[in-house]
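Working through the structure, step by step
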Number of protein chains: 2
Amino acid sequence: MDRIPGKKTTGDRGGAPPPALRNGVRRSDAGAVRDIVSSTGLFRPDEIGIAVELVEERLRSGPASGYHFLFAERGDRILGYSCYGPVPLTLHCYDLYWIAVRKEAQGMGIGRMLLEHSEKAIAALGGRRVYIETSSRPIYLDTRRFYERNGYRAEAVLKEFYSPGDAKVIYVKALEQDDAEGEKVRR
Amino acid sequence: MDRIPGKKTTGDRGGAPPPALRNGVRRSDAGAVRDIVSSTGLFRPDEIGIAVELVEERLRSGPASGYHFLFAERGDRILGYSCYGPVPLTLHCYDLYWIAVRKEAQGMGIGRMLLEHSEKAIAALGGRRVYIETSSRPIYLDTRRFYERNGYRAEAVLKEFYSPGDAKVIYVKALEQDDAEGEKVRR
């Protein structure tokens, strides 16, 4: 699944306070997710439909759905969100399914904030490795650079995956864990 | 997801006719799938549960579930089965989720028969690439060799995926297609 993070630039935050984070999911979030993902201009209707479906599945089945969300909001307005969950049949791997920032709120560090807090939440759930899948197409170059700047490395490339000439790139990051002695270790 | 094919050996078919193939799914298939997958001795209870869940999801939602099945049976007895389906958001990729042959029916070429007919069915549905994911553990060595003998190559390895020391190996095979001139071409 393709994703678009907030493009990380600096200096243009304009003094606004950082957005608040929320991990509970509300009925109105489905429409907000549709707006945010659509606003990026990067996704096809079928991809947007899947982003919304994950919210609806979470509303239907709760945490048992395997989909966890993090919303970044200022007042009533959701500026970006992430969606992640455990990879079935693995002991401690998580997928980051989506991370997206509303077009007009990009460049303020919201994508990075969402990514860092998603990783912390995953670690708190016992996750040790985070996978992100994205496309090799040039339009996703900024997206891939964002992951690389944040400690992800491309572990595998599946050629001709999405369509002819469009490969899937699988990124992974090993999370830091507190070991038995309380020291931070990178596995 | 891990899978176990029928071990392909020769000369021990004992004159029995080849099993019949069926692609319709019946309520009783859920129990048969549990028996077959359990009989291999290779799967944990949570993995067996997922194999059964795919049958149940197919019974609930029909072909819209995205899960297609092929059963090899002799009389009333199901000897093995495969389960495959389209990979969401891709134009022409399919996952082979499961292929398993009942322990006492292994070594008769049933796994190979299921694999070949699954590939034909995938091609008929417009699929051009088949992915199979399996484990790097030594217990799956025969499984991996079976895929390699049948034209699959390991395109990617995700280390520490299932558990520490247990990687995921992603196999792929490009299916032969009839091109515009009716000639077989390998893409």
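See the structure printed just above.
The present account deals with the structure reproduced in this document. The structure presented is a predicted model; accordingly, all values stated were derived computationally and were not measured. (Residues numbered from 1 in each chain as written. Chains lettered and ligands numbered in written order. Predicted model: local features only at pLDDT ≥ 70, side-chain atom pairs only at ≥ 80, totals over all residues. Heavy atoms only, no water.)

Turning our attention to the packing of aromatic side chains. Enumeration according to the criterion identifies 20 aromatic pairs over all chains in this entry. With a centroid separation of 5.8 Å and 5° between ring planes, the pair formed by Phe-69 of chain A and Phe-71 of chain A is classed as stacked. Phe-71 of chain A shares its class with Phe-69 of chain A; the two are buried. Considering the side-chain rings of Tyr-147 of chain B and Tyr-171 of chain B, the 5.8 Å spacing of their centres and the 55° angle between planes classify their relative orientation as tilted. Placement of the pair is Tyr-147 of chain B in helix H4 (residues 141-149) and Tyr-171 of chain B in strand S7 (residues 166-174), with a sequence separation of 24 residues. The two residues Tyr-147 of chain B and Tyr-171 of chain B agree in class, both being buried. An aromatic cluster is built from Phe-146, Tyr-147, Tyr-152 and Tyr-171 of chain A, whose rings are joined through pairwise contacts. (Phe/Tyr/Trp six-rings, centres within 6.5 Å; stacked < 30°, edge-to-face > 60°. Buried < 20%, exposed > 50% of the residue type's maximum accessible area, 1.4 Å probe, protein only. Helix = DSSP H or I, 4+ residues; strand = E, 2+ residues; numbered from the N terminus.)

A few words on unusual backbone geometry. For residues other than glycine, phi is negative in most cases, and the peptide bonds are mostly trans. Positive phi, close to 55°, is recorded for Glu-160 of chain A, a residue that is not glycine. Inspection of the secondary structure assignment puts Glu-160 of chain A in strand S6 (residues 153-163).

Residues and elements named next belong to chain A. Looking only at helix H1 (residues 29-39), the buried set comprises Asp-29, Ala-30, Ala-32, Val-33, Ile-36 and Val-37. Viewed end-on, H1 has its buried residues packed into an arc of 160°, placing them on one side of the element. Structurally, H1 contributes buried residues whose contacts are with strand S1 (20-22), helix H2 (45-61), strand S2 (68-74), strand S3 (77-86) and strand S4 (93-101). Positioned one or two residues after H1, Gly-41 has a phi angle of 75°, which is positive. (Arc of directions from axis to C-beta. Contact = heavy atoms within 4.5 Å.)

Residues and elements named next belong to chain A. In total, this model carries 18 salt bridges over all chains according to the counting rule given. In this structure, Asp-29 and Arg-22 form a salt bridge, with 3.0 Å as the shortest nitrogen-oxygen distance. Through salt bridges that share partners, Arg-22, Asp-29 and Glu-73 make up one connected network. (Salt bridge = Lys/Arg side-chain N within 4 Å of Asp/Glu carboxyl O.)

Listed by partner, the interface residues are 25 residues for chain B and 25 residues for chain A. Surface buried jointly by chain B and chain A totals about 2000 Å² across both partners, of which 68% is contributed by carbon and sulfur atoms. Interface area lost by chain B to chain A is led by Leu-89, Leu-158 and Phe-161 of chain B, which between them contribute 32%. If you look at where chain B meets chain A, you find zero salt bridges. Taken together, chain B and chain A are joined by four residue pairs in polar contact (both at pLDDT 80 or more). (Buried area = accessible area lost by both parts, 1.4 Å probe. Polar contact = N/O pair within 3.5 Å; in protein donor to acceptor, adjacent residues only side chain to side chain.)

Residue and element names in this part refer to chain A. One open sheet accounts for seven strands, arranged S1-S2-S3-S4-S5-S7-S6; its pairing is mixed. The outermost strands of the open sheet, each flanked by one partner alone, are S1 and S6. Adjacent strand axes in the sheet meet at a mean angle of 25°, parallel and antiparallel pairs treated alike. Two strands pair when backbone bridges link them, and S3 and S4 are joined in this way by seven bridges, in the antiparallel orientation. Considered in S4, the bridge of Cys-83 is made with Trp-98. Set on the sheet, helix H3 (residues 110-124) makes contact with S1, S2, S3, S4, strand S5 (129-135) and strand S7 (166-174); between it and S4 the angle comes to about 160°. (Pairing = 2+ DSSP bridges. Axes fitted to C-alpha atoms, helices over the stretch in contact; angles between N-to-C directions.)

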